[in-house]
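A closer look at the structure
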Amino acid sequence: MTAPLFEDIPPASDCDCPGCVHGRRPTSRSLLTRGRPVARGVVVVAAASAVLGTVAPAAALTPGHSPHRQALPGDGATDTPQGARAPLHGRAGKPAEPDGVPTPATTRTQIINRAKVWVAAKVPYSMYDFWSDGYRQDCSGYVSMAWGLPDNEWTGSLGEFGVKIKKAELQPGDILLYHNPDNPEKGSHVVIFGGWTDHTHTSYTVYEQTPPRTRSQTTPYPYWSNADKYVPYRYKGVTKAGAAAGPAAGGKAVVAYPGAAYFGPGADNKYVTLLGQMLIARGGASSYAKAPGPVWDAADRRATQAFQRAQGWTGADADGIPGRRTWELLSTGRGKDIASPAAGPASHGVPGYPGRAYFRPGQSNDHITRLGAQLVKKGFGRFYALGPGPHWGEADRRAVEAFQRAQGWRGGAADGYPGPETWRRLFA
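Residues numbered from 1 in each chain as written. Predicted model: local features only at pLDDT ≥ 70, side-chain atom pairs only at ≥ 80, totals over all residues. Heavy atoms only, no water.

Taking an unreviewed UniProt entry as the reference, the protein chain is identified by name as Membrane protein belonging to Streptomyces canarius.

**Some details on the side chain of Gln363**
Test applied: The way it works is that DSSP assigns letters per residue, a run of H or I at least four long becomes a helix, a run of E at least two long becomes a strand, and they are numbered from the N terminus. Throughout this description, buried means an accessible area under 20% of the type-specific maximum (1.4 Å probe, protein chains only), exposed means over 50%, and partly exposed covers the range between. Whether two residues are in contact is decided by their heavy atoms: any pair within 4.5 Å suffices.
Examined against the element boundaries, Gln363 turns out to sit in the loop between helix 8 (324-332) and helix 9 (366-377). For Gln363, a relative accessible area of 10% puts it in the buried group. Once residues within four sequence positions are removed from consideration, Gln363 is found in contact with Ile280, Gly283, Ala285, Ala357, Tyr358, Ile368, Pro390, His391 and Trp392.

**Remarks on the environment of Pro265**
Mapped onto the fold, Pro265 is located in the loop between strand 10 (238-239) and helix 6 (270-281). Spatially, the C-alpha atom of Pro265 lies 8.6 Å from that of Val295, the residues being 30 residues apart in sequence.

**Thoughts on the packing of helix 9 against helix 11 (residues 420-427)**
How we decide: Convention adopted: a line fitted to C-alpha atoms gives each axis, helices being fitted over their contacting stretch, and angles between N-to-C directions are expressed from 0 to 180 degrees. With respect to orientation, any angle under 35 degrees is reported as roughly parallel, any angle over 145 as roughly antiparallel, any angle of 65 to 115 as roughly perpendicular, and every other angle as oblique. For a crossing to be left-handed, the near helix must be turned anticlockwise from the far one by less than a right angle; the clockwise case is right-handed. Any residue outside Ala, Val, Leu, Ile, Met, Phe, Trp, Tyr, Cys, Pro, Asp, Glu, Lys and Arg is labelled polar, Gly included; the first ten of those are nonpolar and the last four are charged.
Packing of helix 9 against helix 11 leaves a shortest axis separation of 10 Å and a crossing angle of 50°. When the axes of helix 9 and helix 11 are compared, the pair comes out oblique. Handedness of the crossing formed by helix 9 with helix 11: left-handed. Of the residues in helix 11, those touching helix 9 at His367, Arg370, Leu371, Gln374 and Leu375 are Trp423, Leu426 and Phe427. Residue composition of the contact of helix 9 with helix 11, grouped by class: five nonpolar, two polar and one charged.

**Let's talk about the pairing of strand 6 (residues 189-196)**
We count it as follows: Pairing between two strands is assigned when DSSP locates at least 2 bridges connecting them.
With eight of eight residues buried, strand 6 is to be regarded as a mostly interior element. Here strand 5 (residues 175-178) pairs with strand 6 via four bridges, running antiparallel. Each bridged residue has a counterpart across the sheet, and for Ile175 the counterpart in strand 6 is Ile192. Of the strand pairs in this sheet, strand 6 and strand 7 (residues 203-210) are connected by three bridges, and their pairing is antiparallel. Looking at the pairing, Ile192 lines up with Tyr207 of strand 7.

**A short note on the packing of aromatic side chains**
Heads up, the condition is: Stacked, edge-to-face and tilted labels apply to pairs of Phe, Tyr and Trp rings (six-membered ring for Trp) whose centres lie within 6.5 Å, assigned for plane angles under 30 degrees, over 60, and everything in between, in that order.
A complete count under the given rule lists 19 aromatic pairs for this structure. Ring plane angle 55° and centroid distance 5.7 Å describe the contact between Tyr178 and Tyr230, whose orientation is recorded as tilted. Placement of Tyr178 in strand 5 and of Tyr230 in the loop between strand 8 (213-220) and strand 9 (231-235) is noted, with a sequence separation of 52 residues between them. The exposure class of Tyr178 is buried, given its relative accessible area of 8%.

**Some words on the side chain of Gln311**
Structurally, Gln311 can be placed in the loop between helix 7 (298-310) and helix 8. Not counting the four nearest positions on each side in its chain, Gln311 is found in contact with Leu329, Gly335 and Lys336.

**Here we look at the pattern of salt bridges**
Applied cut-off: Each salt bridge in this description consists of a side-chain nitrogen of Lys or Arg and a carboxyl oxygen of Asp or Glu lying within 4 Å of one another.
One pass over the structure, following the stated rule, counts 15 salt bridges. Of the charged contacts in the structure, one is a salt bridge between Glu328 and Arg334, with a shortest N-O distance of 2.8 Å. Two residues, Glu401 and Arg405, come together in a salt bridge whose shortest N-O distance is 3.9 Å. In this pair, Glu401 and Arg405 both sit in helix 10 (residues 394-406), four residues apart, roughly one turn of the helix. Within this structure, Lys116, Glu394, Arg397, Glu401 and Arg405 form a network of salt bridges that share partners.

Here it is, written out as structure tokens:
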């Protein structure tokens, strides 16, 4: 009797979500298989073994690889094999940063926002492939991305970038890490803590990369399996909102000026991100529609130019490209801040909406306090541990998001940042 043969051909898909579109692009691995005979799937081996009775079930697995499957709630195990430490984009990507590079500063809000990008894109799980932002598509690559690390780490090295904390100290942006040193591919896993979902602190919102794709859901603390193995960690570079790129003690620069070559069209490096963080801390949030990133764009130029003009500079001195003097003033906290736009007038008894620039990471103003007080009044104060304050933080974002969802909004309409309609309904 002849065993049936099945070609290992992925089903056609016309899904337009970012994950599926990205997955249909040819990768270096897929290109290597072109022109070769079509590989026979696991089904072939299983079928042959059933007919011939000579192949053990274990032989159906590819040697050296763990089976990729989704860790379903309560299934008792998590198989998330991962790659080793690597530079962004893999071996053929950019060279790894040299040792001694300062740990990039970031805020909790920025960590969670980056984590949500992969959830929205439904990034497929892979220990071989790298997403368009350069990070490996496994659990440790996901945390490396969310924390903004310069390289792709793995569960055996992520602990070096954090400090151990207690359960009671957990806050959004921290991680829960389990590394199995004896067999890293058996049980090792890392997830991002997104906040408690109940007052008993027995479950929380998780952000994780696990087969088949990035997900966020309510999860029992500390995880579905290996409950006694997970350790909470806090990223060493996490700062309070507004302090992500603040001046160092003694008026010295946080990082020395790297040179003009690191800025301008075509630039893609960590200094562009740091520049954006410093500009936001000095009042430049209105120039950014999203968190600063490593790729130079018009937002960086506008914010830099606004800061330069705030110093009274004109002409070539305010060209939007940071020179040594601009960098020095930003990183030491000297010079004049960028003036904030004026709030709009009140209408129909509703306080005037001041603008999106006031509600972003790094902002501190009375509008945030007023927003928080109104959220508490409307019944959305459970996210505040100490009550609303003038510094924008994750508690404000989560409270706004809850209010927006209560309006029936989803997706980008419930991103946690108040727009004009959110403001109107909140104060109406």
